[in-house]
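Fold and geometry: a report
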Amino acid sequence: MDVRVFDKELNALGLIDEMTSLIWTIRYFSVGEVKILAPMTDNNRELLQAGNILVKHDEYIDYTDEDENTWRRGAEIDYVRYAKDEKGQEQIEARGSIISSWLNLRVINPQIQLAGTCQQIVNKLIDRNIGSGATSARQFPQLVILDQEDLGGTSTDYSNEELKALGDEIRDVCQQGKIGYDILICEKLREYGFYLYDGKNLTSGNVEGNPPCIFSRDFDNVNEQEYEDDTSNMKNYAFVRGAADSSGVQEVVEVDASEGASGYELMELLIDASDIQRTAENSSGEQTDIPVATYRAMLTTRGNTELAKCIENYTFNSSINVTSNLKYKEDFDLGDRVTCIEKKWGITINSRITEITQTFESGKVLIEATFGESAPTLLDKIKKAR
């Protein structure tokens, strides 16, 4: 494994020549991060600078296009610290965020209103704010949209919160559609690629016929496990309040995800969606009123998006045995749905791999995985397995 360093135009700057440790974390529904500790050498000091791009090179490749070009995740350094200990040894600590953090360099402007699947909505948000549909100053240089399979899903009437951070909105839409996203790097083409994908169903008894992936201490593929179940954020019924019409009346729709719950099991939430405008621009550039039925459908979509964050958050944090029967990137990957079993705790769940951390230290590799359906706004609060 080595770490290569580039500038933002993806011009190669060099390799990190020595490292004490590298922690590389990627997430399915949100942005990952990187931390590197390295001795103070002239080479490391020149390369580990804020704004430079890190790309980890090992046996794992994130995506290969139809022309056999390889694409990998990268991170931008946003924090650097120099330190000298009592023995006189000098060390550099550098931290960074996975490149998808760049999505929050933009707010959504103008507001988008359309009918489509989550995949179509995300692609439109990308095109209008950082892609070819944006003004030249707002476009991301060297960015392409990587080929995508049809990820399915139902079509909904959609409108975003006005001037909301682009990355936050894409995270929320992807959470609702259960799809993952990232920005990858192709060093050969010197391009960034927006990557939208869906994990495989590898659960026990899956109907797709995929080889099942089962994590259990009984199979010696898990070293340590930690289980959490948090219901404190749960809501299952939403009142969504829209903008006022010309007579001052605000539309309110109700979104029921409670499956007929009542009493203590019915948990209600008020959502202010007054940012969703009552008018839209037609093909001639004129503002026209949105039909009431369409507007109510937009409010319903907003309600479903917000309720998708207010779920029961259960997670398995596991340290994976890298010499076991299951191999990372071969048998499982970020976003895949797998089966987790802990017989002594009486737990068997089918769950998605929402986070993977690789730690490289002293010539050893540790892989930690987080299994769960946690909302991305809560993932950062989940304690990692040691």
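The notes below deal with the structure included here. Source: prediction; values computed, not measured.

Summed over the entire model, instances satisfying the criterion amount to 11 aromatic pairs. Seen from their ring centres, F215 and F332 are 5.2 Å apart, and the 85° between their planes marks the pair as edge-to-face. In this pair, F215 is assigned in strand β14 (residues 214-216) and F332 in the loop between β21 (313-320) and β22 (337-342), connecting sequence segments 117 residues apart. Here the two residues F215 and F332 agree in accessibility, since each one is buried. Among the aromatic residues, ring-to-ring pairing joins Y28, F29, Y63, Y195 and Y197 into one connected group. The ring of Y79 carries R95 above its face, with NZ or CZ at 4.6 Å from the centroid. In this arrangement the basic side chain of R278 is found over the ring face of Y295, its NZ or CZ atom lying 4.3 Å from the centre.

Position of T359 among the secondary structure elements: in strand β23 (residues 347-361). T359 has contacts with L22, I23, K364, V365, L366 and E368, leaving out every residue within four places of it along the chain.

Okay, the sheet that holds strand β16 (residues 237-244) next. With respect to topology, three strands assemble into an open sheet ordered β17-β16-β18, the strand pairing being mixed. The open sheet has two free edges, formed respectively by β17 (250-256) and β18 (268-272), since each of these has just one partner strand. This sheet shows a mean twist of 20° between the axes of neighbouring strands, independent of strand direction. As defined by bridge partners, β16 adjoins β18 across five bridges and the pair is classed as parallel. Each residue of the ladder has a partner; that of A238, found in β18, is L269. Contacts from helix α4 (residues 292-307) reach β16, β17 and β18 within the one sheet, and its direction differs from that of β17 by about 50°.

As a rule of thumb, soluble globular proteins bury nonpolar side chains together. Among the nonpolar cores identified, the biggest contains 48 residues, and L48, F215, F332 and F371 are the most heavily contacted of them. Residue contributions to this core peak at five residues, all from β23. When residues no more than four places from it in sequence are discounted, the contact partners of F215 are N221, V222, Q225, I320, L326, F332, V338, T339, C340, I341 and F371. In this structure, I99, L143, Y158 and L166 belong to the second largest nonpolar core, which totals 31 residues.

The alternating pattern of strand β9 (residues 113-116) places L114 and G116 on a buried face, while none of Q113 and A115, on the opposite face, is buried. Sheet analysis places β9 next to strand β11 (residues 156-159), joined by four bridges and oriented antiparallel. Residue pairing across strands places Q113 opposite S159, the latter belonging to β11.

So, on to the pattern of salt bridges. Counted under the stated rule, the structure contains 25 salt bridges. Two residues, R81 and E93, come together in a salt bridge whose shortest N-O distance is 3.7 Å. In this pair, R81 sits in strand β7 (residues 70-84) while E93 sits in strand β8 (residues 90-98), placing the two residues 12 residues apart along the sequence. The exposure class assigned to R81 is partly exposed, which follows from its relative accessible area of 41%. Here E251 ties to R296 by a salt bridge, and the two come within 2.6 Å at their closest N and O atoms. Here the residue E251 occupies a position in strand β17, and R296 occupies one in helix α4, the gap between them amounting to 45 residues. Since its relative accessible area comes to 33%, R296 is described here as partly exposed.

Looking now at helix α3 (residues 166-177). Every α-helical turn comprises 3.6 residues, leaving residues that sit three or four positions apart pointing alike. Taking 1.5 Å of rise per residue, 12 residues should cover 16 Å, and α3 covers 17 Å from first to last C-alpha, within 8% of that figure. Counted residue by residue, α3 has nine buried out of 12 residues, so it is predominantly covered.

Rules of the game
- Residues numbered from 1 in each chain as written.
- Predicted model: local features only at pLDDT ≥ 70, side-chain atom pairs only at ≥ 80, totals over all residues.
- Heavy atoms only, no water.
- Phe/Tyr/Trp six-rings, centres within 6.5 Å; stacked < 30°, edge-to-face > 60°.
- Helix = DSSP H or I, 4+ residues; strand = E, 2+ residues; numbered from the N terminus.
- Buried < 20%, exposed > 50% of the residue type's maximum accessible area, 1.4 Å probe, protein only.
- Lys NZ or Arg CZ within 6 Å of the ring centre and 35° of its normal.
- Contact = heavy atoms within 4.5 Å.
- Pairing = 2+ DSSP bridges.
- Axes fitted to C-alpha atoms, helices over the stretch in contact; angles between N-to-C directions.
- Core = buried A, V, L, I, M, F, W, Y, C linked by side-chain atoms within 4.5 Å.
- Salt bridge = Lys/Arg side-chain N within 4 Å of Asp/Glu carboxyl O.
- Expected span 1.5 Å × (residues − 1).

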